[in-house]
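Working through the structure, step by step
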Amino acid sequence: MVLRRAPIIVAVATAALLATGAAVAPTLSAMTVATHEAAAPVPDAAPAAAPQAATPVEANGQLSVCGVRLCNEQGKQIQLRGMSTHGTQWYSQCVDDASLDTLAYDWNADVMRISTYVQEDGYETDPARFTALVNQYIDMLSERGLYAIVDWHMLDPGDPNFNLERAKTFFTAVAERNNGRNNIIYEVANEPNGVSWQTIKGYHEQIVPVVRAKDPDAVILLGTRAWSSLGVSDGASESEVVNNPVNASNVMYTFHFYAASHGQEYLDALSRAADRIPMFITEFGTQDYAGEGANDFAMAQRYLDLAAQKKISWTNWNFSDDHRSGAVFTEGTCGGGSYGTDRLKEAGGWIRDQIRTPDDF
């Protein structure tokens, strides 16, 4: 088990607040200490410094794909668990020092996915601003020793080639600026839809070399057909990817599910695929496919049990205070400085518990 290193100064009051889920003021966020185990009492006479336990990046270093699994720099198969932001054009206020301290030191996450929408008032409206925002979040996550997934959140239109030139510009800029880091993962097409796997594959084979030119060692995540369902939502199966993979190395394929909408057929496809090709669940929810409605924790648990068994990494949608049931925080939380358990929706409490399960690094 790897404990998470928080900043060196220990604030006993802060640790107690985190243990009870109470609010932690932004001024204390840099002093927060939390581990997978209860904090040891600090002797009255001699306050001690926090143990220097490894962060996820310190423990694992540069990741790579080995066979059909994600491996750390020692060659050990690992599983990353964490959260996805909501669209940063809408919910940038949910990614601040206090929320990331909570994610890193209380939730004990390994990774955050930075979702940069292309359309829907996103990247295309101000490329410089949204590129700078991604870099800002990368810096903040790197300071906390977390991995960062740079998500090119194309959705509508569903053909990723529509945004090919924008994608080339974006990934060139981000990869060039961050190529000295070992904690960046690139997701080059969120949810391709309405087009064939061959069309999507052609896009991937054009954009992967763009990333590789600036960051040759990074893992790259490739969207699959029908909203990254391996084609299942269009009546196909994982065989189209398994039998016709992208011509590139050190890549993984993405799968998205929403437990109340995507049942046994989807779970079976993921299970079969994970035995043949490298898979990464970059988005899921415990609700319906729109991130709304009642939670189906039982079905979601079946997915996460499979992911644990086959070491499939995952990020949950979403780390915001959106009104939908799939957002982890209650409305009005973001920007207020308090992200304790008293601010979590039902799904937020459940996913926090899933992320806090000890890692096997």
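Before going into details, it helps to say that this report is about the structure given with it.

Parameters and conventions
- Within every chain, residues take consecutive numbers counted from 1 along the sequence as written.
- Local features are withheld for residues below a pLDDT of 70 in this predicted model, meaning they are given only at 70 or higher, and side-chain atom pairs are given and counted only at 80 or more; totals for whole chains, interfaces and linings count all residues.
- To obtain the side-chain values, all non-hydrogen atoms of the structure were included, while hydrogens and water were left out.
- A simple rule labels every residue: compare its accessible area, found with a 1.4 Å probe on the protein chains alone, to the largest value its type can have, and call it buried under 20%, exposed over 50%, or partly exposed in between.
- Put simply, DSSP marks the helices as runs of H or I at least four residues long and the strands as runs of E at least two long, and each gets a number from the N terminus on.
- DSSP calls a pair of strands paired once it identifies at least 2 bridges connecting them.
- We call a crossover right-handed when, viewed with both strands directed away from the observer, the connection leading from the first strand over the helix to the second proceeds clockwise.
- Salt bridges are defined by distance alone: a side-chain nitrogen of Lys or Arg within 4 Å of a carboxyl oxygen of Asp or Glu.
- One less than the number of residues in a helix, times 1.5 Å, gives the span that helix is expected to have.
- Whether two residues are in contact is decided by their heavy atoms: any pair within 4.5 Å suffices.

Turning next to the pairing of strand E4 (residues 111-117). A large share of E4 lies buried, amounting to seven of its seven residues. With burial as the criterion, each face of E4 is covered, one bearing Val111, Arg113, Ser115 and Tyr117 and the other bearing Met112, Ile114 and Thr116. One ladder, built from three bridges, connects strand E3 (residues 81-84) with E4; its direction is parallel. Looking across to E4, one finds that Gly82 is bridged to Val111. Two elements, E4 and strand E5 (residues 147-153), share seven bridges in a ladder whose sense is parallel. In the strand pairing of E5, Ile114 is matched with Val150. Handedness of the crossover joining E4 and E5 through helix H6 (residues 127-143): right-handed.

Scanning all chains against the criterion turns up 24 salt bridges. In this structure, Glu238 and Arg272 form a salt bridge, with 2.8 Å as the shortest nitrogen-oxygen distance. Note that Glu238 is positioned in the loop between helix H9 (225-228) and helix H10 (239-242) and Arg272 in helix H11 (residues 264-274), a separation of 34 residues in sequence. Overall, the relative accessible area of 42% leaves Arg272 in the partly exposed class. Residues participating in the shared-partner salt-bridge network are Asp97, Asp101, Glu143 and Arg144.

Helix length check: H6, at 17 residues, gives a terminal C-alpha distance of 25 Å against a target of 24 Å (1.5 Å per residue), a fit within 8%. Taken together, the buried positions of H6 are Phe130, Thr131, Leu133, Val134, Asn135, Tyr137, Ile138, Met140 and Leu141. Where H6 is buried, its residues contact helix H4 (88-91), helix H5 (97-106), E4, E5, helix H7 (164-178) and strand E6 (184-187). Downstream of H6 by one or two residues, Gly145 has phi in the positive range, about 75°.

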